[in-house]
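Chains, contacts and geometry: an overview
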Amino acid sequence: MTPEVVSLLAAPGSGEPLQLVTEARDAFLLAPASGRRFPIRDGIPDFLDQADLSGPNGRYQRLYDRMAAFYDASTWLYALVKRTGEAARRREYLRRLDIRDDDRVLEVSVGTGANLPLLPRGPSYFGLDISPGMLRRCRRRARRKGLRVELFLGAAERLPFRTGIFDSVLHVGGINFFSDRRRAVAEMVRVAKPGSRIVIVDETEDFAARHEATPFAKAFYGNRPEGIGNPTEWLPPAMAEVVTDRVAGGDLYCMSFRTPR
Ligand SMILES: C[S@@+](CC[C@H](N)C(=O)[O-])C[C@H]1O[C@@H](n2cnc3c(N)ncnc32)[C@H](O)[C@@H]1O
């Protein structure tokens, strides 16, 4: 991890700056004022604590960890059944981002990194996810495809980044069932620079209701923690250029907006 990346990190919740410490063979991030330590495992800093896994987050972390090995095959197969092709399906919402070559871009819930190869190569990418299994797959994809991305284990509700450092923030596919959706959106807004674009995509309530009893899909949509409702209700006040529409043949909503300047 480069000193520049370390300078962009902050302890989740408290916002304390962090230092990289290497002791014998161990490396960790230290918040000097409080003494809190965040281990780095196989190159991925771990910012999760037990409280992040209370409520639905714990259920979905276990689910994604179990299915990490099949995730890419299942999304590819789904797009095939829908006769769209996965890349075309993803490009429909990725094109709402407004990314330039020297930007810093965060994907919250990066999963196996399936969006990354479809984005321009110039920017610096940061990806966070609550599932170690999905992040391992993401790292493998990045190595295979020669993509540069900094990965972090953590919860969307408590991002381990300084305020106002990202030019764009993307989230696809997890927020409907986060333990605290409003807090997660507030965190995306906090870490974005003023005037930057945030794009949030997930399944519509219609889609979730249609699949709550379907084999395999029912693990996600059955016994849902809360109705999905209208995602604009999760936005903090004063967001600009808010647009919400349906993409992927109506299966997904795509909400984009700008943080205030
Ligand atoms: C459907 S996958 C989407 C992955 C990727 N964004 C994509 O487009 O393929 C949803 C992801 O959300 C992650 N996730 C679920 N709850 C989370 C939370 N509270 N904080 C961060 N990530 C979370 C899961 O681990 C999973 O990787």
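Described in the following lines is the structure provided in the data block. (Residues numbered from 1 in each chain as written. Predicted model: local features only at pLDDT ≥ 70, side-chain atom pairs only at ≥ 80, totals over all residues. Heavy atoms only, no water.)

For the rest of this paragraph, the subject is the site of the ligand. Around the ligand lies a shell of 21 residues, among which Tyr71, Arg90, Ser109, Asp129 and Ala156 are the nearest. Take tyrosine 71: an N or O atom from its side chain is 2.7 Å from an oxygen atom of the ligand. Between the ligand and the protein, one listed contact pairs an oxygen atom with a side-chain N or O atom of arginine 90 at 2.8 Å. About the coverage of the ligand: the protein hides 97% of its 600 Å² of free accessible area. Per element, the largest residue contribution to the shell around the ligand is 3 residues, and it comes from helix H2 (residues 56-81). (Near = heavy atom within 4 Å. Polar contact = N/O pair within 3.5 Å; in protein donor to acceptor, adjacent residues only side chain to side chain. Areas by Shrake-Rupley, 256 points an atom, 1.4 Å probe, with all protein chains shown as cover. Helix = DSSP H or I, 4+ residues; strand = E, 2+ residues; numbered from the N terminus.)

This part covers the packing of aromatic side chains. Evaluated as defined, the whole model comprises 15 aromatic pairs. Pairing phenylalanine 161 with phenylalanine 166 gives two aromatic rings, centres 5.2 Å apart and planes at 90°, and the pair type is edge-to-face. Consider the rings of phenylalanine 220 and tyrosine 221, whose centres lie 6.2 Å apart with planes at 45°: the pair is tilted. Through a chain of ring-to-ring contacts, three or more aromatic side chains come together here, namely Tyr60, Tyr64, Tyr78, Phe177, Phe207, Phe216, Phe220 and Tyr221. (Phe/Tyr/Trp six-rings, centres within 6.5 Å; stacked < 30°, edge-to-face > 60°.)

Time to look at the sheet that holds strand S10 (residues 240-247). Strand order in the open sheet made by the 7 strands is S7-S6-S5-S8-S9-S11-S10, with mixed pairing throughout. Either end of the sheet is taken by a strand with one partner, and the two such strands are strand S7 (149-153) and S10. Geometrically, the sheet is characterised by an average inter-axis angle of 15° between neighbouring strands, direction not taken into account. In terms of strand pairing, strand S8 (residues 166-172) meets strand S9 (residues 192-203) through 6 bridges, oriented parallel. For histidine 171, the partnering residue across the bridge sits in S9 and is isoleucine 200. Packing of helix H4 (residues 132-145) onto the sheet brings it into contact with strand S6 (124-129) and S7, and relative to S7 it is tilted by some 170°. Sheet contacts for helix H5 (residues 181-191): strand S5 (104-108), S8, S9 and strand S11 (252-258); angle to S9, the most-contacted strand, approximately 145°. (Pairing = 2+ DSSP bridges. Axes fitted to C-alpha atoms, helices over the stretch in contact; angles between N-to-C directions. Contact = heavy atoms within 4.5 Å.)

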